[in-house]
Amino acid sequence: MVRRQSAGYTLVELLTVLVIVGILAALLIPGTRPSMQARLESAAQIVAGDLAYARSLAISRNRTFRASFQVAENRYTVGPASGVSGSATPLDPFASDRTGRSGTYVTDLDELPGVTGVFLYKVAAAGPAGGEYIEFGPYGETSHAEESVVWLAGGMGGSERYMAVRVNPVTGLATVDLNAGGVKP
């Protein structure tokens, strides 16, 4: 009697291949990190979201709110404009230290996970006194006559990338300019 050999793989062969693929995946996955472009886009979306938050506070509370940027410290705050009382923003639920921050919402880019290496580059706000702030009025408009731009940067040396968050002066809406080339402002 002649025995026919069946075509196919044995269970041992399949398990061996699965183990090898699993080991390779375990070695490769921790080494993957979002690209600088992806980190810039994430940080820009966060900034645009916080600017939308400041605008919505101004509209809902019928008061002036301001996003003030401290470029050297790589952070910004959202709170009532100076001289406006009774408009405190909710406390920042993500802040590790809430002392001295009542009435403001603070975003420190150095503390945000997933955006390592991204920093505030400059703020181009054509306001009455220039300055590194964007102020929103009760109708959502900004106090600036022209478009305001928050520039973010990341990378070092020749691999620096840039991205802009633009704020329309009439509507106060913030949009992320993907700036695919990452060109320096």
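Each chain carries its own residue numbering, running from 1 in the written order of its sequence. Whole-chain, interface and lining totals are the exception, using all residues; otherwise, since this is a predicted model, local features are given only for residues with pLDDT of at least 70 and side-chain atom pairs are given and counted only at 80 or more. Think of the side-chain values as coming from all heavy atoms in the structure, minus any hydrogens and water.

Draft legend 1. Looking closely at a nonpolar patch on the surface. Taken together, the side chains of V19, I20, I23, L24, L27 and L28 make up a nonpolar region of the molecular surface, amounting to roughly 610 Å² of accessible area. For the purposes of this entry, the term helix denotes a DSSP run of H or I that reaches at least four residues, the term strand denotes a run of E that reaches at least two, and both are numbered from the N terminus. With respect to the helices, strands and loops of the structure, L24 is situated in helix α1 (residues 11-28). Residues enter patches when they are more than 30% accessible in relative terms and free of salt bridges; like-charged ones are connected within 9 Å and nonpolar ones (Val, Leu, Ile, Met, Phe, Trp, Tyr) within 5 Å. For accessible areas, the Shrake-Rupley method is used with a probe of radius 1.4 Å. Any residue's cover is judged against the shown protein chains and nothing else. The salt bridge criterion pairs a side-chain nitrogen of Lys or Arg with a carboxyl oxygen of Asp or Glu, the two atoms within 4 Å.

Draft legend 2. Structural context of the packing of aromatic side chains. Between 30 and 60 degrees the pair is tilted, below 30 it is stacked and above 60 it is edge-to-face, where a pair is any two Phe, Tyr or Trp rings, Trp via its six-membered ring, whose centres lie within 6.5 Å. Going through the model one piece at a time under the given rule, you end up with 3 aromatic pairs. Their ring planes at 40° and their centres at 5.2 Å tell us that F69 and Y76 sit as a pair that is tilted. Between buried and exposed lies partly exposed: a residue is buried under 20% and exposed over 50% of the maximum accessible area for its type, with that area taken using a 1.4 Å probe on protein chains only. Judged by its relative accessible area of 1%, Y76 is buried. Plain terms: the ring middles of Y121 and Y162 are 5.1 Å apart, the flat faces sit at 70° to each other, and that makes the pair edge-to-face. You can see Y121 sitting in strand β4 (residues 118-124) and its partner Y162 sitting in strand β7 (residues 161-167), a full 41 residues away along the chain.

Draft legend 3. Region of interest: the pattern of salt bridges. In the structure shown here, the tally under the stated rule is 3 salt bridges. For R166, the salt bridge goes to E147, with nearest N and O atoms at 3.2 Å. Note that R166 is positioned in strand β7 and E147 in the loop between β5 (133-136) and β6 (148-154), a separation of 19 residues in sequence. Owing to a relative accessible area of 40%, E147 belongs among the partly exposed residues under this scheme. The shortest N-O distance in the salt bridge between D177 and R166 comes to 3.1 Å. Highlighted residues: D177 in strand β8 (residues 174-177) and R166 in strand β7, separated in sequence by 11 residues. Given a relative accessible area of 27%, D177 falls into the partly exposed group. Each of E147, R166 and D177 takes part in a single network of salt bridges with overlapping partners.

Draft legend 4. Highlighting the environment of A54. Relative to the elements of secondary structure, A54 occurs in helix α2 (residues 36-61). Among the residues examined, A54 registers a relative accessible area of 0% and is labelled buried. In this structure the C-alpha to C-alpha distance between A54 and G79, which are 25 residues apart in sequence, comes to 7.4 Å. Excluding anything up to four places from it in sequence, A54 contacts F65, V78 and F136. The contact criterion used throughout is that any non-hydrogen atoms of two residues lie within 4.5 Å.

Draft legend 5. Structural view of the sheet that holds β6. Between any two strands, pairing holds if DSSP finds at least two bridges. Pairing within the open sheet is antiparallel, and its 4 strands lie in the order β4-β6-β7-β8. Looking along the sheet, the strands with just one partner apiece sit at the ends: β4 and β8. With strand direction ignored, the average angle separating the axes of adjacent strands in the sheet is 25°. On top of the sheet, α2 reaches β4, β6, β7 and β8; it is set at about 20° to β7, its chief contact. For helices, the axis comes from a line fit to the C-alpha atoms of the stretch in contact; other axes are also lines fit to C-alpha atoms, and the angle between any two N-to-C directions lies between 0 and 180 degrees.

Draft legend 6. Examining unusual backbone geometry more closely. Positive phi outside glycine occurs at N62, with the angle close to 55°. Tracing the chain through its elements places N62 in the loop between α2 and β1 (65-70). For N62, a relative accessible area of 54% gives the class exposed. Positive phi, normally seen in glycine, also occurs at N74, with a value near 60°. Following the sequence through the fold, N74 ends up in the loop between β1 and β2 (75-80).

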